[in-house]
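Structural characterization, general
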Amino acid sequence: DNDRGSEEYGSVRDGADSGGYLDFGRVYVPPEREAMGPGAPETTVLSHDRVSFSWNAGADALWTSQETYIHEYVASLARGIVATNEDDNNNNNYNNNNNNDYNNYKTNDKGTACPDEHDASYRIHDTIPRNIDVTRNSTATIRGLDANTSYCFLVRAFSKAGIDLGNRILPFRTRPEPVNEWMSVPILEDEPNLPFEAKHGIRINSDDDNNENSNGNTNTDNAYEHDWSWCEHSATRPTGRRGHSLTAIDNQVYVFGGVTLKCLCETIDSSPTGTREKRCSSRNVHSDELFHFDPVTATFNLLETTHDDERPKGREQHSATALANGNILVVGGITGTSSHDAPSIGEDPSQQYLLADVWQLSHPHRVTTVETRATTHHDDSTTSWPLELIPGQITRHVLSFHGKDSNDVEKERMCVQDVRVRISMEHSCPSAMEYIALAGPRTRSGSVDGFDFLPPQSYHYEVQLYVSSADNLRSPCHPETLNLSFSDHEPESILSRSRIPTHGDFRPASGLAARFRGIHFDDDGPWELSIAQRSPTQSENITGTLLDWQLILDVTPCEAKAKWKRLPSPPASFAPRRLHSSVAVGDSLFVSGGFGRVNGSGADRPLDDLWRLDSDSDSDFVSFIELRASPRDKTMTMYGQVALLGPFGLLGYGGVRSRGPRSQGKDLWLWNIFEKEWMSVPVEHGGDAAAPLVNDKIPYGRYLSSIGLLDSDTLRQIYNIDGPWPMAMTFGGDGAFLHNGYNDDYGFMTNSLFDDVWILSAGAIATNSSVQNQRRRDHCRWRQLPTSTSFRIWNDTCGWNSAATRGICRWDEILIRAWCLEQYQSFYLS
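Conventions and cut-offs
- Residues numbered from 1 in each chain as written.
- Predicted model: local features only at pLDDT ≥ 70, side-chain atom pairs only at ≥ 80, totals over all residues.
- Heavy atoms only, no water.
- Helix = DSSP H or I, 4+ residues; strand = E, 2+ residues; numbered from the N terminus.
- Buried < 20%, exposed > 50% of the residue type's maximum accessible area, 1.4 Å probe, protein only.
- Contact = heavy atoms within 4.5 Å.
- Arc of directions from axis to C-beta.
- Axes fitted to C-alpha atoms, helices over the stretch in contact; angles between N-to-C directions.
- Parallel < 35°, antiparallel > 145°, perpendicular 65-115°, else oblique.
- Nonpolar A, V, L, I, M, F, W, Y, C, P; charged D, E, K, R; others polar.
- Salt bridge = Lys/Arg side-chain N within 4 Å of Asp/Glu carboxyl O.
- Pairing = 2+ DSSP bridges.
- Disulfide = S-S within 2.5 Å.

This next bit is on the overall build of the protein chain. Looking only at helices and strands, the protein chain has 13 helices and 52 strands in total. Buried residues in the protein chain amount to 50% of all 830 residues. If you take every contact in the protein chain between residues at least 6 apart in sequence, the share linking residues at least 24 apart comes to 70%.

Set out below in structure tokens:
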């Protein structure tokens, strides 16, 4: 080590008089030298009540004498001292050998000072044996901490004889208590820079204008200054709407239908002089649009249908539920006419049509996994297996997916989304391998979701899966069998190992997705694995064989489209309906209640039936089975209230009463699916204390809105959510402030339909929910055992037993089954 000085360590010393010895090419410090102690600890997990630390053995990691070898650590904890800036200099001496940590730790311009290591305030938390593998860190986790509180973590190193070898102190502060907090999501879109009148559809030239310009000439152009207005809005985002559906699949969000405001424009001859004028008016109509929302980029995109495929007519108050197979089933709703020409919703109610049709939407961003492996690659008849690895050279092998397209990937342009590699080999000297790399096929320009791009050239640009370290190349040879897997999603990087491991799953030395994501999937395109080895020395005999390697690709459509399929009509006993509840369990859909009409006429009335729909994703078959429904438990559902079944239970949102929608900030309720009780959910309003609920920090009260579950570390980072809890996304709804059926002076309907997007950080819900904290196995394991009584009862009442009409199917059991399967979804509370 350069920092140890050349005078003391300039030569190898051995023997009893030297006090030191040589081991693995390193000269160690004599015992009389003061020990350095453990390495500086780092926080790896920090929450409001828990913290995890990681540290190494520090500069003395390889000391091997009995007096200086670190045998174990003792972790202790004490309360920190919050110090102002002017106290910092006085408190620096509290941080033994750790002043940098103290100076770098700041919270609101104040630091946390720690008492020295001998202070009695430290309480021992745990004794941690040192990891035998010197490349692995030691760790400690402390739970039950107070929120938003300063602490000091002390780790001491001890030899086997109990000699104190040093210590480190790290100050930290726990995070604040989790809260439920709304965040408004600004939607990214390209809008023209229009004047106020244009954005609101107000005519620039009225009927009284003489249409003369500054020169006195008659303006024969359109009476509008621009060919514009939100009437002709681009497909970048949906207009405000209510009664639509929101379905979240793998953090991709799909919004279908709803009542929205639509512009109708026509150009007419307005005078004998031949002046042509563009007149526009608006109607609230039932939309048949399908939008995709990407929460990562905060953008909407209108999805077109494939070719001339039939699509469902515009509707609202329908259900759109994702099954376990990834398909979405759309059931029922209400529309304006029997044709696709959607009329205004202000028509005579007798002209409103309830629907009973069922449509299947294939997941537009579905991910298909394809794989190929060397030993089963039949086109490669020239290679014998195992494949010999030649020392001093680069051994290469090429794979393709030839012949797999017709079976595994649908006949449309697909793009690579993710890459995983598995390698199996035998080697007499794994330390002789210099690197392992992967190269992909030649790429060409393409389009993903309608955006043209030129993906990076991946062919002959090797992505390093493994790169040897200097320590590894100097390591002695030992024969090993290696089974390694590489993926960008693994928590541990291969670079964290100083020597090549024999087995395990690792993050590669360089990113696979960064190089290959977005390239066109070509079943004939070559993928090449390269393994480089150093030349052997005269005394070495290096041999190795590649036993097999496997390439796994996740591919998705390069351009997402809406692929609809109408399923067979239900039996006559299945009443057309709206505002019904639809919940998926596996690939079955349970449809309950809603509002319908007796014999298709008269006023809507509540329905109390229960149906199970079983569909086959590979065919047009769907079966309708009527079940014996149990009386619903008393709930505080309101008209137009939506619900989200998540890991925390059932979250109810919105709804309208006789006096209007629920008040701002008082429209969230949590239903415990086991204890069957509602609890109001408080939210941080961030407004004026005098009027805490009148602000734009939380969404306005509404009904017939939509909600969905989002849950990924990427999204939590993007939206700055400080915790591992899930998020709820809402879009649109009706504020019920104004009547939706009257035209203004310009022929435009006033309405209270929202087009806003909000995300709820459900920190307090997730941490305080009794459902979240209960062990899933306590409620689910015995329910899912095929031999259990519960499983038999489920099959006989709600499930797939052909005689399932013998017992009563309970709605709460359907919710619990979906929750146990982690099949989280949203629906109307009917």
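Time to look at helix α11 (residues 776-784). For α11, every residue scored as buried is listed here: His779, Cys780 and Arg783. All buried residues of α11 project into a common sector of 75° when viewed along the axis, lining one side. Those residues of α11 that are buried lie in contact with α12 (789-797) and α13 (811-820).

One way to put it is that α11 packs onto α13 with a least axis distance of 10 Å and a crossing angle of 105°. It follows from the interaxial angle that α11 and α13 lie roughly perpendicular. Contact residues: Arg776, His779, Cys780, Arg783 and Gln784 in α11; Glu813, Ile816, Arg817, Trp819 and Cys820 in α13. Among the residues making up the contact of α11 with α13, the classes are represented as four nonpolar, two polar and four charged.

Turning our attention to the pattern of salt bridges. Applying the stated criterion across every chain yields a total of 25 salt bridges. Two residues, Asp812 and Arg810, come together in a salt bridge whose shortest N-O distance is 3.3 Å. Residue classification places Asp812 among the buried positions, given a relative accessible area of 15%. Within this structure, Arg242, Glu316 and Asp734 form a network of salt bridges that share partners.

This part takes up the sheet that holds strand β12 (residues 180-184). Sheets are built from strands paired through backbone hydrogen bonds, the pairs being either parallel or antiparallel. Read from one edge of the open sheet, four strands run β12-β50-β49-β48, paired in antiparallel fashion. Either end of the sheet is taken by a strand with one partner, and the two such strands are β12 and β48 (707-710). For this sheet, the mean angle separating the axes of adjacent strands, direction not counted, is 25°.

Applying the stated criterion across every chain yields a total of five disulfides. Two residues share a disulfide in this structure: Cys114 and Cys152, whose sulfurs sit 2.0 Å from each other. Its torsion about the S-S bond being -95°, the disulfide of Cys114 and Cys152 is classed as left-handed. Separated by 38 residues along the polypeptide, Cys114 in the loop between β7 (111-113) and β8 (123-129) and Cys152 in strand β10 (residues 150-158) bring together distant segments of the chain. The residues Cys114 and Cys152 share a single accessibility class, namely buried. The disulfide bridge from Cys780 ends at Cys820, spanning 2.1 Å between sulfur atoms. Negative torsions about the S-S bond denote left-handed disulfides, and the value of about -80° found for Cys780 with Cys820 makes this one left-handed. You can see Cys780 sitting in helix α11 and its partner Cys820 sitting in helix α13, a full 40 residues away along the chain. For the residue pair Cys780 and Cys820, the accessibility class agrees, reading buried in each case.

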